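Residues per chain, in single letters:
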Amino acid sequence: MTARSELLTRAARHAERYLDTIHERSVGAMVSGDELRRLLRRPLAEDGEDNGQIVDDLAQAGQVGTTASQGPRYFGFVTGGSLPVATAADWLVSAWDQNAQMYVMSPLAAVVEEIAAGWLKDLLGLPATWSVGFVTGAQMASFTALVTARHQVLRDVGWDVERDGLFGAPSVDVVVSDVAHRTIFTALRMLGFGGERLRRIETDGQGRMRADRLEEALQGGSGPCIVCAQVGNVNTGSADPLADIVPIARRRGAWVHVDGAFGLWAAASPSLRHLVAGIQGVDSIATDGHKWLNVPYDSGIVFTAHPEAHERALTMQAHYIQRTPGERDPRAFTPDESRRARGVPVYAALRALGRRGVRELVERCCSDARRMADALRRHPQVRVLNEVVMNQVLVGLVPPAGDPRDQDAFTQDVVARIQADGTCWLGTTQWQGRCAIRISICNWSTTEEDIDRSAAAILAAVDRASAKA
Ligand SMILES: *Cc1c(COP(=O)(O)O)cnc(C)c1O
């Protein structure tokens, strides 16, 4: 064996061992930061070290210092795993080490992304004419979409924001829901709109934007306007009523952007599609591949209904850019210059799952979420706070009678116990001013047995925290 082949085989063996044991290990990280530093930190060597040893050391540290987010019982944040075929495709991406920005630099990367983009639009019921960009995550997908929105709404009033910037530009009325995801505010800040110079629209008890309030807010307005909606609230999984919002925004001449980081995938299922009804009428959408599609990090996808605006907003001419007539240059649709061929794992996952596979993956996570909610709500101290319409379960806890702690302190105690127990992993969130537990089910490998085991571990932690009082 050559040194290279030995090294790659060694890494593959480590990866296999890691994935073979992911179901049974403690789901949280098993060591502290200090222990990891002890394993990995050393003075930077003057001379390079043995390659095999480096791979072994990383693998050993990875065994204990990672969280089992690749496994079936990691329910923290909104986190997907990675389908084996997507991981394998990602290894090829690293082996090829292509710069995916221009067709001329990697015909393969450009063509695979073009094919994957077409499949995504088909699967999600989006018009074939829409533009697609492969970015690092929903954060950058929203950023890219809103760069395009900024370009277009200002161009509509005769302002060239790429040339003249925002100083002295016509004011843009930016409207978001009062529970918009943090990444929307970050994107708007990076775009010069300011994180607080926005109008927030009231939501209902499930975190859905109220269309009647939006209508009032947009009444009589004129000039550039951007409305940011969302499908898939991180706490409740609920979706804004796009079918009502889009016509209201249209009458105002607004650009409608939708954060669909995970919720957009409901469009792949006939039984969930009603949640995103109206999505074909919006101007741009952000979503993730690394959540519900279960491809490796980092994978976000931006869609726009305005391919020319998308390109105009992002394209800078430079003498070294070489466009290939008739071919799609990936860089035209993303803010990146050099980047990895991150459309390749998306291609592999879609081909491996097929339409039915994506549909079943999405539906299974949603039925697992209902199963989890049903198992938890039988306990007298548990309140399921959301309508479980998608893959998110939001749980409130009631301290036992006589417990001096308030609900937040009790919940923190229970969550610390769940995390320490290691059967499953989940975190807290704030919902209507209170601490709540958020459970998100996004992993391709989660089974009903995983749900039952996890529900039992959660309820046991509630009981142990209550006994302490
Ligand atoms: C996860 C998430 C994001 C951010 O996505 P990244 O891929 O982490 O950038 C944005 N919005 C919603 C609703 C999310 O769930």
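These remarks concern the structure in this document. Please read these numbers as outputs of a predicted model, since none were measured by experiment.

Below, the discussion takes up the layout of surface pockets. Computed from the structure, the largest pocket encloses a volume of approximately 680 Å³. Looking at the largest pocket, it is lined by 23 residues, and the ones nearest its centre are A15, Y18, L19, T66 and Q70. Counting residues per element, the ones that place at least two in the lining of the largest pocket are α1 (3-20), α3 (51-65) and α4 (84-96). A per-class count over the lining of the largest pocket returns 11 nonpolar, 11 polar and 1 charged. Shared between two domains, the lining of the largest pocket takes at least three residues from each, and those domains are domain 1 (3-68) and domain 2 (89-350). When its volume is computed, the second largest pocket comes out at roughly 520 Å³. For the lining of the second largest pocket, the secondary-structure elements that each account for two or more residues are α6 (138-155), α8 (182-190) and β10 (427-431). Along the lines of polarity and charge, the residues of the lining of the second largest pocket split into 9 nonpolar, 10 polar and 6 charged.

Taken as a whole, this structure holds 4 aromatic pairs when the rule is applied. Geometrically, the ring pair formed by F262 and W292 is edge-to-face, given 6.4 Å between the ring centres and 65° between the ring planes. With F262 in the loop between β5 (255-259) and β6 (284-288) and W292 in the loop between β6 and β7 (300-304), the pair connects residues that are 30 residues apart, well separated along the chain. Residue W292 is classed as buried on the basis of its relative accessible area of 1%. Through pairs of rings, three or more aromatic residues link up here, namely Y74, F77 and W425.

What counts, and at which threshold
Residues numbered from 1 in each chain as written. Predicted model: local features only at pLDDT ≥ 70, side-chain atom pairs only at ≥ 80, totals over all residues. Heavy atoms only, no water. 1 Å grid on protein atoms, 1.4 Å probe; cavity = no way out; pocket = protein on both sides within 12 Å on 5 of 7 lines; lining within 4 Å. Points joined across faces, edges and corners; volume = space filled by probe spheres on them. Helix = DSSP H or I, 4+ residues; strand = E, 2+ residues; numbered from the N terminus. Nonpolar A, V, L, I, M, F, W, Y, C, P; charged D, E, K, R; others polar. Domains from an automatic or database assignment. Phe/Tyr/Trp six-rings, centres within 6.5 Å; stacked < 30°, edge-to-face > 60°. Buried < 20%, exposed > 50% of the residue type's maximum accessible area, 1.4 Å probe, protein only.

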